[in-house]
Amino acid sequence: MDAIILQILNGLDKGSAYALIALGLTLIFGTLGVVNFAHGALFMIGAFCSVTLSKLLNLSFETVDPTQKDFLGNPLKVKTPYVQEWFGPEVGAAIIDWSVPLAILFAIPIMLAVGYVMERGLIKHFYKRPHADQILVTFGLAIVLQEIVKFYFGANPIQTPAPDALSGVATIGGSFGLNISYPVWRLVYIAFSGLLIFGAFAFLQFTTFGMVVRAGMADRETVQLLGIDIDRRFTIMFGIAAAIAGLAGVMYGPINAPNYHMGMDFLVLSFVVVVVGGMGSLPGAVLAGFLLGILEAFASTTWATTTIPGINQIIIYLVAIIVLLTRPRGLMGKKGVMED
Amino acid sequence: MGILEVKNVNKRFGGLQALGDVNLSVAENTVHAIIGPNGAGKSTLLNVLVGKLIPDTGSVMFDGQSVLGRKPFEINQMGISRVFQTPEIFGDLSVMENMMIACFAKRDGAFKMQAIGSMWSEKDVVEKAEHMLESMNLADKREMHTASMSRGDKRRMEIAMCLAQEPRLLLLDEPTAGMARADTNNTIDLLKKIKEDRDITIAIIEHDMHVVFSLAERITVLAQGTPLVEDTPENIKGHPKVREAYLGETQVAA
Amino acid sequence: MFGLKNTDLRLLLIVFVLTMAAPFILNPFPTESGLAQFNAGYPDLMQKFVIFGIFAIGFNILFGLTGYLSFGHAAFLGVGSYACVWMFKLLGYNVVPGILLSIVVSGLFALLIGVITLRRSGIYFSILTLAFAQMSFALAYSVLSNPKFNLTNGETGLQVYADDPQWFHSDRLPDLPHLFGLSMRATHKMQLGAWEFQFNAGYYMCAVIMLVCFYLAIRIFRSPFGLMLRAVKSNQQRMNYTGLNSRPYTLAAFVISGMYAGLAGGLLSAVDPLAGAERMQWTASGEVVLMTILGGAGTLIGPVLGAGLIKYFENIFSKINESVLHQWFGFLPDGLEDFVITLIYPFVGKGWHLTLGLIFMLVVIFLPGGLIEGGQRIGRALRGKKASDAGKSASTEPAE
Amino acid sequence: ASHAGFTNAPQGGTVTLGFNVPQSGPYADEGADELRAYQLAVEHLNGEGDGGMLQTFSSKVLEGNGILGKKVEYVTGDTQTKSDAARASAKSMIEKDGAVMITGGSSSGVAIAVQGLCQEAGVIFMAGLTHSNDTTGKDKKANGFRHFFNGYMSGAALAPVLAAQYGNDRKAYHLTADYTWGWTQQESIAAATEALGWQTVNNVLTPLAQTDFSSYIAPVLNSGADVLVLNHYGGNMVNSLTNAVQFGLREKIIDGKQFEIVVPLFSRLMARGAGENIKGILGSTNWHWSLQDEGTKAFVQSFGTKYGFPPSQAAHTCYVQTLLYADAVARAGSFNPCAVVEALEGFEFDGLGNGPTLYRAEDHQCFKDVLVVRGKENPTSEFDLLEVVEVTPRAQVEYAPDHPMFAGGNLGQCNPGA
Amino acid sequence: MNVKPDFNKGKNYAETAPAFLSVWNMEAYYGESYIVQNISFNVHEGEILALLGRNGAGKTSTLRSIARMDNPQVTHGEIWLDHKPLHLMSSHQAAQAGIGLVPEDRCIIPGLTVEENIQLAQIAPPIGWSISRLYELFPRLGERRKQEGVTLSGGEQQMLAIARALARDIKVLLLDEPYEGLAPVIVDEIEKTLRIIKEQGITTILVEQNAVRALELADRAVILDTGSVVFDGSAKEVLGNAELRAEYLAI
Ligand SMILES: Nc1ncnc2c1ncn2[C@@H]1O[C@H](COP(=O)(O)OP(=O)(O)OP(=O)(O)O)[C@@H](O)[C@H]1O
Ligand SMILES: Nc1ncnc2c1ncn2[C@@H]1O[C@H](COP(=O)(O)OP(=O)(O)OP(=O)(O)O)[C@@H](O)[C@H]1O
Ligand SMILES: [Mg+2]
Ligand SMILES: [Mg+2]
């Protein structure tokens, strides 16, 4: 029982990551109709917002400590972060410790700006172009962004640990006779994703904004004929999608250390999630994210891999095939969206 | 016994009874018009005939064979061709290529591998396509992409493609909508000529009464999914119910 | 001639001349000069050009004509490679059986996958093909390489070992892939002044096969079958109501392009007898998509150009390191030299991806029709205004 | 004229070496460090710089005037950590640039692929970082040599230390990257630890592309195991270790025993990626800059002065292999691969770190001391991440050439090519 | 969009703009094909102008140009609506300035219900008729309010398209073949509606193939042929001029 619940939690956790990325992607891909191969790069940039912030907070001045030697035998230079100098060692250390949550605040404006620039500068010109062209241009952009990050941060992963207070293990379910310990940060991640997903839904469902964007996606020209400045709304939409992807990245940092190609690692999977969920459906994308996450978690148990060797390697694709063959438009897809 | 027999066909969309107990018999080698108010179910009926929609109940027989359960291309190969209400053509292909596709489909059936033959060496097809374009006044546009044609031209293109298929039953869904008067008259003449030249049955949906009354030998009036009356044009013109529900006052004069 | 119209024949001739003279054309710089770095006329890269050219031509038959965007075509390439190496292992190093088998096996594999995936269209089709390819990759990478049942030799890649049966191998034959005794590696080097040109047996075999493939592709493009494929892309609804069954057409196109991919895979093994699973990964499938779009989807020669450009960057730009830059800019005063090198360095050597990404973006932004459009524009500019009218009428024929 | 009869016999006053390292992809940083080492080696061979290990090397034939009087030049390429790309890049070095020796790489798959290619083409291959038993086991080739240690040697060095530190009565749970290298390492570690009384309760294969290992870590908790062995490298290692620590494995007490995590193959670059999580974790490594022998000190000094940070084990391997190749050519008096192979086979030397070293003739594997290291609790700098726990003497990691884990291969004949 | 007013004449055309809506020397291209070839005409406030011509004459293109849609691209000329320079606006700005186009293929938005299609028109200012008032005019739409717009029958879609235009407070209604595909009774209805609309003071440009019908309704007529104006005058004049009708309208 414990084991099952643990895997469900793992599934939820993976699922939140998939769902968050897919949510942003489906806004751009399923709603604006742009095949955005740079979406993974947005996720990665989000994570690197947090790396950058932590670097900034760790900006240090050097003092020479003659009692210690460095690897060449010279006196060791000891580094002290400026924040510790300014705010005192304790407060300074606490600020550094909380850099990931702080990075959320830091990342939102940055991601909105990145989304804005990307849409205005590039994507805007590609709404009416064939999907193939969109693939090429966004793939090119993804490579460029990735290489820039690699140029400044290197290819190795860089740890962005959760604050100490949130990095332990929580024991849950005690009152139900269960004994489950689960990393606190992962629980935070699940909760955060839930909030973000809910927020995005509320925004798109309970405001006319969502309707306008959907309409604009289906027929841009006509929506403009009705006096609506669809371009501006698309830009906002893109910014939101970028921000969601970026936040997903920030929050993911403590789970797995960010590296420059993390976006590409998630890219294909997030397309699969969006399509399995069904084009143009936000709930579909979220549902598919959680479904695939949980199935993946269970497929990697020893029980599953001994029953069907290699199932953990192919489960996601297998499920995708089964879903798409039994349900022509994925789980909750809308008719007519990107079927040609 | 007509070439097309529609019996007790029903079709619901959710709460809406789009077709209710439609019975219709189209006699061979006649022009049969189906008219009726907007939303009466005319296009829906056509969709049922060509396999785009499957009716909830009822049967549709073409020349003694059931069309239900067949795929659209199979129904077409049986000899039923359809012109759509909004033109459906191969937009990014040229006029000539559009026509050749239709001619190949007529000659070779639903599928044929001719991966390395050259399409321009298929003399009979090319000639027939040229001829069709000629007769539909489209020859001077042969290299044009059909997507950039004006709408009247698109419609003529589609009719021409259907005729190239030499169907036994031609279904026309508002063929002259959006056509200039001159072309409408040309189309009427063309359809008349085809009617004379070969054995063909035509079912036509049209709101332009000028077209209907120049062509139709029989008229079925559909209203709210059910045939209201079926009669000769003369009788329909004078039918009070039809006048009230459909024709209005001005049209009869036209 | 060959049943082709004049324009097509001219195109074929141009491609013929280009491939046959490639060792000269691709080696424009003297061996000792600093620019020799940009020479691409050595066997491996020339082979890659034509082999990936074949891959892209085949892919374009599916994508360019029908608009079905397969994101799993690398699976067929991989299967072809494995089939060919297995022939080496079992029969011997003659490439003929290997290449034939790779076409057959990939064709069958494409048939199987096509029957399933073509039930969907649009993005759903793309993801289905992607899923199949990723599954094939995962299976090849680990599951099918377990010691009990080793079909692919996993990460290391399938290769010929000394204790393989090689039933038809004899000591007189080369111990490397060969065509009835002519080793694929046989290279004739020709010294011409400061230049050196290499004529490689493997390259010429691949080049001839590519010409045949290209010829067939032209025929397909111009055939009634090709017309039907374009009809699929244009309007499936109208197609069905014109009495045409679109499914067998798309399936045939899928299988043909799968066979092209398998052939390319077989040739990769034929010139270099090692088949690795990563050939089947989504990045490999993505690469052929990029090649095709970059060159110009739906055009005959575009995909080949796209393949060439990507492979060129991968192999040439990645090798420009700091010391090469210093060699080039050594003539500049020191400060300036360092400055120039700092500017250029991020874009070459380990930064070659960056340049490639930028090229992708620049090409789609400024040449919406791909490289081929660039060529047309240059051609038009050269021929002046009069020719530009001709260009306009040619553009109504999309498969130029 | 004496150089005729083999592939790419150097013409004129220069000789070209091919440095084939990952410059893009996840191992790019490691590749960059390898490249730095190569450049340093070339400098030293050409008589520039402080000479590095040339001073400490037991063989004294290299004079700092290039190789056999020919100035050393080099070309570089990007393996992308993909066999195809690595082979393409190596081929361009051989076919276009006339390289007589190819070296580098950062994974076993690539090393084996390029080694095979060099065998066919008739050039020498000096493998870079490759740890799979197969490189000098079932895929060994006469033209290829490996300076790096392997999975078996990791096991042989690590097991006694593990037993000493954690006791003989332990239950190990293995997570293993599902490809050749992972399998051979897992096999080696399991065999070595079981020989000392450990039990292997489970071995779970994880997909290469896995990024989140939580669903593999969770079952460990209830398996009864008290040690987790992570047969992962690179990004996989960083993530699986991070996840294991996240799940609180290190705080667990199982049957009164402290739960432990072991990472059999360590590299400092990866350790940096793993951050805090690496502290106190045991593993093995080929070489570490904090060793105190003369060779190491000279190399670290020379590398550190030039680049500002200490070299990684990959850099060390690559540097040493370049020197060894040059030395073998000088001793043989010829660039002919077969002469080089002859000179390297059975070659014993010292002064390049890791104590006295042997290139065994039977399989071209090098034998030398292996380091067991632990993630340092209180690093003084960002480079000071590992502390050496034990230097396992060479004798303890040696094995017979026909050891079952290495069986099945055939070195074949050296191939001089054309 | 990016069209600069042409000041060749030395003074701003707006000052002399003789009418409510003035199109002056307008030229427009689809890519490289020159479709609208230097068209000028005026429409006075509150009148109905019939824009006639054969298939392909450029009627639709003219309307689209006035509504400032991206395609065809207007490269030259000026368009003034009530002293506002439409030629400097993009299409949503033109819409806000009071242009309401009912496109020839109706362009009902897929995925939205009938009611949502109308609501969409009332998001940007200025808002015109209320939804309930529109349902009074077209009861059929009220019955189908929850149905997806694109599944309506052809005639119903036409009603929706007109309703959608009226849902905005427009100054000029551009109707591209509004009778097409409609049952004769409905055509009568719409004609009545157009009269009602005219009474409200809305200016209308009507493109219609059924020239006689259009001319009976219209005050004035402009006839286009291959992208140029060949006639500009009163509707009566056309009806009375058999030669003109025969040559350009074939009636
Ligand atoms: N897919 C569908 N889903 C729901 N309702 C539909 C669908 N298709 C048609 N309808 C409804 O069925 C009715 C009949 O539609 P149909 O298109 O057959 O009318 P029609 O007689 O062709 O009218 P028109 O002359 O205006 O074209 C209409 O009320 C329409 O709204
Ligand atoms: N998207 C387009 N691209 C290129 N040319 C076009 C495009 N749309 C229309 N045309 C061409 O512009 C010309 C004018 O077309 P337009 O649609 O304005 O005519 P129209 O008068 O509205 O005709 P109809 O009565 O048939 O609707 C036609 O010759 C047509 O072929
Ligand atoms: Mg209808
Ligand atoms: Mg029009």
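Residues numbered from 1 in each chain as written. Chains lettered and ligands numbered in written order. Predicted model: local features only at pLDDT ≥ 70, side-chain atom pairs only at ≥ 80, totals over all residues. Heavy atoms only, no water.

## Thoughts on the overall build of chain C
Looking only at helices and strands, one finds 16 helices and eight strands in chain C. Relative to its length of 400 residues, chain C is compact, with a C-alpha radius of gyration of 22 Å against a globular reference of 21 Å. Reported as C-alpha extents along the three principal axes, the dimensions of chain C are approximately 70 × 65 × 40 Å. Of the charged side chains in chain C, 26 are positive and 21 negative, and the gap between their average positions amounts to 16 Å. (Helix = DSSP H or I, 4+ residues; strand = E, 2+ residues; numbered from the N terminus. Rg over C-alpha atoms; globule rule 2.2 N^0.38 Å. Lys, Arg positive; Asp, Glu negative; His and termini not counted. Charge placed at Lys NZ, Arg CZ, Asp CG, Glu CD.)

## Thoughts on the interface of chain E and chain A
Contact with chain E, which involves 22 residues of that partner, is made by 18 residues of chain A. In total, about 1,800 Å² of surface goes out of reach between chain E and chain A, with carbon and sulfur atoms giving 67% of it. Taken as a group, His92, Leu120 and Ile123 of chain E account for 30% of the area that chain E buries against chain A, more than any other trio of residues on that side. The salt bridge involving aspartate 70 of chain E is made with lysine 128 of chain A; its shortest N-O contact spans 3.2 Å. Where chain E touches chain A, the interface holds five residue pairs in polar contact (both at pLDDT 80 or more). Broken down by secondary-structure element, the contributors of at least two residues to the side of chain E that touches chain A are helix H3 (91-97), strand E6 (99-102) and helix H4 (114-121) of chain E. Grouping the constituent residues of the side of chain E that touches chain A by class yields 13 nonpolar, four polar and five charged. (Contact = heavy atoms within 4.5 Å. Buried area = accessible area lost by both parts, 1.4 Å probe. Salt bridge = Lys/Arg side-chain N within 4 Å of Asp/Glu carboxyl O. Polar contact = N/O pair within 3.5 Å; in protein donor to acceptor, adjacent residues only side chain to side chain. Nonpolar A, V, L, I, M, F, W, Y, C, P; charged D, E, K, R; others polar.)

## Looking at the packing of helix H3 (residues 43-66) of chain C against helix H12 (residues 302-315) of chain C
All names here are of chain C. It is the contact of H3 with H12, at a shortest axis distance of 8 Å, that shows an interaxial angle of 140 degrees. Accordingly, the angle class assigned to the pair H3 and H12 is oblique. In this structure, H3 crosses over H12, and the sense of that crossing is right-handed. Here H3 contributes Leu45, Lys48, Phe49, Phe52, Gly53, Ala56, Ile57 and Asn60 to the contact with H12, which in turn contributes Pro303, Val304, Ala307, Gly308, Lys311, Tyr312 and Asn315. Per-class residue counts for the contact of H3 with H12 are nine nonpolar, four polar and two charged. (Axes fitted to C-alpha atoms, helices over the stretch in contact; angles between N-to-C directions. Parallel < 35°, antiparallel > 145°, perpendicular 65-115°, else oblique. Left-handed = near helix turned anticlockwise from the far one by under 90°.)

## Remarks on the domain arrangement of chain B
All names here are of chain B. Partitioning chain B into structural domains gives domain 1 (1-79 + 168-254) and domain 2 (90-166). At the interface, 17 residues of domain 1 touch 14 residues of domain 2. Summed over both sides, the interface of domain 1 with domain 2 buries roughly 1,200 Å², with 61% coming from carbon and sulfur. Ranking the residues of domain 1 by area buried against domain 2 places Gln77, Leu190 and Arg198 at the top, with a combined share of 32%. (Domains from an automatic or database assignment.)

## Here we look at the sheet that holds strand E13 (residues 348-349) of chain D
Residue and element names in this part refer to chain D. Judged by pairing direction, the sheet is antiparallel, and its three strands sit side by side in the order E13-E14-E15 without closing on themselves. Looking at which strands have only one partner, the edges of the open sheet turn out to be E13 and strand E15 (366-367). Bridge count between E13 and strand E14 (residues 357-359): two bridges; the pairing is antiparallel. Within E14, the residue paired with phenylalanine 349 across the bridge is threonine 357. (Pairing = 2+ DSSP bridges.)

## Side note on the domain arrangement of chain C
Residues and elements named next belong to chain C. On domain assignment, one finds that chain C holds domain 1 (6-29 + 36-301) and domain 2 (320-391). Computed over C-alpha atoms only, the centres of domain 1 and domain 2 are separated by 28 Å. Each partner contributes residues to the interface: domain 1 has nine residues there, and domain 2 has nine residues. Carbon and sulfur atoms supply 81% of the area buried between domain 1 and domain 2, which totals about 750 Å² over both sides. Along the contact surface separating domain 1 from domain 2 lie zero salt bridges. Counting across the interface, domain 1 meets domain 2 through three residue pairs in polar contact (both at pLDDT 80 or more). By residue class, the composition of the side of domain 1 that touches domain 2 is five nonpolar, four polar and no charged.

## Details of the state of the cysteines
The term disulfide refers to a covalent linkage connecting the sulfur atoms of a pair of cysteines. Counted under the stated rule, the structure contains one disulfide over all chains. Left without a disulfide partner, cysteine 318 of chain D is nearest to the cysteine sulfur of cysteine 366 of chain D, which lies 13 Å away. (Disulfide = S-S within 2.5 Å.)

## Some points on the site of ligand 2
Around ligand 2 sit 19 residues, and of these Ser148 of chain B together with Asn55, Gly56, Thr60 and Ser61 of chain E come closest. More than one chain reaches ligand 2: the nearby residues come from chains B and E. Note that an oxygen atom of ligand 2 is positioned 3.1 Å from one of the side-chain N or O atoms of serine 150 of chain B. Residue serine 61 of chain E places a side-chain N or O atom 2.5 Å away from an oxygen atom belonging to ligand 2. Notes on ligand 2: free accessible area 640 Å², of which the protein chains cover 83%. Elements that contribute at least two residues to the shell around ligand 2 include exactly helix H5 (151-164) of chain B together with helix H2 (59-66) of chain E. The dominant element in the shell around ligand 2, judged by the number of residues it contributes, is H2 of chain E, at three residues. (Near = heavy atom within 4 Å. Areas by Shrake-Rupley, 256 points an atom, 1.4 Å probe, with all protein chains shown as cover.)

## Some remarks on unusual backbone geometry
For the bond running from asparagine 71 of chain E to proline 72 of chain E, omega is 0 degrees, close enough to zero to count as cis. For proline 72 of chain E, the location among the structural elements is in the loop between H2 and strand E4 (73-81). Cis geometry is adopted by the peptide bond preceding proline 126 of chain E, which originates at proline 125 of chain E and carries an omega value of -5 degrees. Its location among the elements puts proline 126 of chain E in the loop between H4 and helix H5 (131-137). Located in the positive-phi region is asparagine 8 of chain B, a residue other than glycine, with phi close to 45 degrees. Residue placement: asparagine 8 of chain B occurs in strand E1 (residues 4-13). Positioned with a positive phi, glutamate 174 of chain B is a non-glycine residue whose angle comes to about 50 degrees.

## Looking at the site of ligand 1
Neighbouring ligand 1 are 21 residues, the closest being Asn38, Gly39, Lys42, Ser43 and Thr44 of chain B. Each of chains B and E places residues next to ligand 1. Within the side chain of arginine 144 of chain E, an N or O atom sits 3.2 Å from an oxygen atom of ligand 1. When ligand 1 sits alone it has 640 Å² of accessible area, and the protein chains cover 86% of it. Elements that contribute at least two residues to the shell around ligand 1 include exactly strand E2 (16-26) and helix H1 (42-49) of chain B together with helix H7 (154-166) of chain E.

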